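Summary of the model geometry
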Amino acid sequence: MIRPAELEDAKAIADIYNRYIAESTATFATDPMTEAEMKEYIISVQGLYFVYEERGSILGYCYAHTWKQKAAYRQTLETTVYIVSEYTGRGLGKQLMTKLIDECRQEKYHTLIACITEENTESIALHTKLGFQKVSHFKEVGQKFGRWLDVVDYELMLDRK
């Protein structure tokens, strides 16, 4: 079941994210996020934050947040999606992102941006299936686990189906 994230979900969401921080290059974050920090983040996203829950367990989440701070960017959001690693490849990410895209369309946002580590081929495949198109490639802009990493941006124009 996909539903809006609640503050009570913060620990489960932080647990999912912290595993990605510790074990992957999907995020450039290097320090674990506390439950309190995650609660603050859920509040800051203002309603465009969803979880996939099954039998009382949060198996994944996604959200859209401000892409840039300047007012001219107010109709553009950046998306994020994470799935419990044991459940990747089962369509949960696609379901979550489809819900998020639909909600962003209803809210009259214009553009979604996905900033993805180039080696994260699963995320690239997901976003491509959802209609996102590659619009940029930044070489060696982040360093994690002693390696330089590239970042690619994918874009979805919401008012063009």
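Before going into details, it helps to say that this report is about the structure given with it. (Residues numbered from 1 in each chain as written. Predicted model: local features only at pLDDT ≥ 70, side-chain atom pairs only at ≥ 80, totals over all residues. Heavy atoms only, no water.)

1. Looking at the overall build of the chain
Within the chain, the secondary structure is distributed over four helices and seven strands. For the chain, the succession of helices and strands along the chain, N to C, is β-α-α-β-β-β-α-β-α-β-β. Computed over its C-alpha atoms, the radius of gyration of the chain comes to 15 Å, within 12% of the 15 Å expected for a compact globule of 161 residues. Dimensions of the chain, computed from the C-alpha atoms along their principal axes, are close to 40 × 35 × 30 Å. Residues classed as buried in the chain amount to 45% of the 161 residues present. Partitioning the intrachain contacts of the chain with sequence separation of at least 6 by distance along the chain shows that 63% fall at a separation of at least 24. Split by element, the accessible area of the chain, about 9200 Å² in all, is 48% carbon and sulfur. (Helix = DSSP H or I, 4+ residues; strand = E, 2+ residues; numbered from the N terminus. Rg over C-alpha atoms; globule rule 2.2 N^0.38 Å. Buried < 20%, exposed > 50% of the residue type's maximum accessible area, 1.4 Å probe, protein only. Contact = heavy atoms within 4.5 Å. Areas by Shrake-Rupley, 256 points an atom, 1.4 Å probe, with all protein chains shown as cover.)

2. A look at helix α1 (residues 10-23)
Residues separated by three or four positions in an α-helix point in the same direction, a consequence of the helix having 3.6 residues per turn. Over its 14 residues, α1 extends 20 Å from the first C-alpha to the last, a length consistent with the 20 Å expected when each residue adds 1.5 Å. Within α1 the residues assigned to the buried category are Ala10, Ile13, Ala14, Ile16, Tyr17, Asn18, Tyr20 and Ile21. Where α1 is buried, its residues meet α2 (35-45), β2 (49-54), β3 (57-66), β4 (76-83) and β6 (133-144). (Expected span 1.5 Å × (residues − 1).)

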